[in-house]
Amino acid sequence: MGEYTLSHELVGEQQRLALMSALLDPLERARLEQLGVRPGWRCLELGCGNGSIAQALAERVAPTGLVVASDIDLAYIADLHMPCLEVRRIDILHDAIEAGGYDLVVARALLHHLTPARMALERMVAALKPGGVFLSIEPDMLPCTVTEPDAMQAFWQGWLKWSAEASIDYFIGRKIPAWLDSLRLEDVAGEGHTAFFNGGSHWANYWTATVRELAPALLKSGHVTGKMLEEFHSRFQDPRYWTGTMTFIETWGRVPA
């Protein structure tokens, strides 16, 4: 898949992932409950990051189920030990995965980094048993294209030009329902969650940490300038600045039984 843009080796990455978990885990846990994850299920989480969702799944499928927590970098989960949980390194584009082996396959904020993402999705679906459930949570950055003022819209346009050149698809969330439908999954549906937040909030802090880590790459691309970064940080520290930048789209479906 190539090197992950936000490597675990970056200073502050573990803290950034912890903040992302605090913001998105409640949304994902509620969806997993709605999808009926229960004791005895075999589950595979791809790109599990710090393992927070994998741990929640392990508690839900206990005492007879199994959760495989996987990532291409196990630095944050290598020492994770609990009943019903197995840690495994998996590159979804290249490594072997048990075909038809899981009741649930789930991935969050992973597919938009993968090329070709459609092939990765097909491999995820192939890992499901008949009647198995797939859940994806991926971004759609449409909100940032209409943000205000003009200086902030210019920053996000620069961000999107950089990401396109880096083969990161920040609009992939809207594509996945049709992809699942084309793979003949049943009961395919999707919902989007857009946070509107002010400077200094948890979401603002998440974005500040993300942009700080990516600043060298953004500047090198030439699409974002130092002045644009200053504008971004100033706005995202201002409690009177309100904005929305990204919709997280949850998409799910079932393999025919």
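The structure we're discussing is the one just above.
Residues numbered from 1 in each chain as written. Predicted model: local features only at pLDDT ≥ 70, side-chain atom pairs only at ≥ 80, totals over all residues. Heavy atoms only, no water.

Quick look at the overall build of the chain now. When you go through the chain residue by residue, the secondary structure sums to seven helices and nine strands. Radius of gyration (C-alpha) of the chain: 18 Å, near the 18 Å computed for a compact globule of 257 residues. Expressed as lengths along the three principal axes of its C-alpha atoms, the size of the chain is roughly 55 × 40 × 35 Å. Looking at the 257 residues of the chain, the share that counts as buried comes to 52%. Counting contacts in the chain only where the partners sit at least 6 residues apart, residues at least 24 apart contribute 75% of the total. (Helix = DSSP H or I, 4+ residues; strand = E, 2+ residues; numbered from the N terminus. Rg over C-alpha atoms; globule rule 2.2 N^0.38 Å. Buried < 20%, exposed > 50% of the residue type's maximum accessible area, 1.4 Å probe, protein only. Contact = heavy atoms within 4.5 Å.)

As a further point, take helix 6 (residues 202–221). Here helix 6 is 20 residues long and its end C-alpha atoms lie 28 Å apart, about the 28 Å a rise of 1.5 Å per residue gives. The axis of helix 6 is deflected most strongly, by about 60 degrees, at Leu214, and proline Pro216 appears within four residues downstream. Within the sequence span of helix 6, burial applies to Trp203, Ala204, Tyr206, Trp207, Thr208, Ala209, Thr210, Val211, Glu213, Leu214, Ala215 and Leu218. Looking at the buried positions of helix 6, the neighbouring elements they touch are helix 1 (13–34), helix 4 (150–165), strand 7 (197–198), helix 7 (226–236) and strand 9 (247–254). One or two positions beyond helix 6, positive phi appears at Gly222, with a value near 85 degrees. (Expected span 1.5 Å × (residues − 1). Bend = angle between axes of the 7 residues up to and from the residue.)

Contact pair helix 1 / helix 2 (residues 52–61): the axes reach a minimum separation of 10 Å and the direction vectors enclose 30 degrees. Our classification of the angle between helix 1 and helix 2 gives roughly parallel. Handedness of the crossing formed by helix 1 with helix 2: right-handed. The residues of helix 2 that touch helix 1, namely those facing Ser21, Asp25, Glu28, Arg29, Leu32 and Glu33, are Ser52, Ile53, Ala56, Leu57 and Arg60. Classifying every residue of the contact of helix 1 with helix 2 by side-chain character gives four nonpolar, two polar and five charged. (Axes fitted to C-alpha atoms, helices over the stretch in contact; angles between N-to-C directions. Parallel < 35°, antiparallel > 145°, perpendicular 65-115°, else oblique. Left-handed = near helix turned anticlockwise from the far one by under 90°. Nonpolar A, V, L, I, M, F, W, Y, C, P; charged D, E, K, R; others polar.)

Taken as a whole and assessed by the stated rule, the structure comprises 14 salt bridges. We note a salt bridge from Arg42 to Glu98, for which the minimum N-O separation is 3.8 Å. Linking Arg42 in strand 1 (residues 42–46) with Glu98 in the loop between strand 3 (85–89) and strand 4 (102–108), this pair joins segments that are 56 residues apart in sequence. Connected through shared salt-bridge partners, Arg42, Glu86, Arg88 and Glu98 make up one network. (Salt bridge = Lys/Arg side-chain N within 4 Å of Asp/Glu carboxyl O.)

Looking now at the environment of Gln14. With respect to the helices and strands, Gln14 occurs in helix 1. Separated by 35 residues in the primary sequence, Gln14 and Gly49 have C-alpha atoms spaced 8.8 Å apart.

Moving on: unusual backbone geometry. The omega angle of the peptide bond from Ala62 to Pro63 is 5 degrees, so this bond is cis rather than trans. With respect to the secondary-structure elements, Pro63 resides in the loop between helix 2 and strand 2 (66–71). The linkage connecting Thr115 with the following residue, Pro116, adopts the cis geometry, with an omega of 0 degrees. Locating Pro116 in the fold gives a position in the loop between strand 4 and helix 3 (117–126).

Spatially, the seven strands line up as an open sheet ordered 3-2-1-4-5-9-6, and their pairing is mixed. One side of each edge strand has no neighbouring strand; the edge strands of this open sheet are strand 3 and strand 6 (186–194). Averaged over all pairs of adjacent strands, the angle between strand axes in this sheet comes to 15 degrees, irrespective of strand direction. Two elements, strand 5 (residues 128–140) and strand 9, share eight bridges in a ladder whose sense is antiparallel. The residue of strand 9 that forms the bridge with Leu135 is Trp252. Here helix 1 sits on the sheet and contacts strand 4, strand 5, strand 6 and strand 9; the angle it forms with strand 4, its principal contact strand, is near 150 degrees. (Pairing = 2+ DSSP bridges.)

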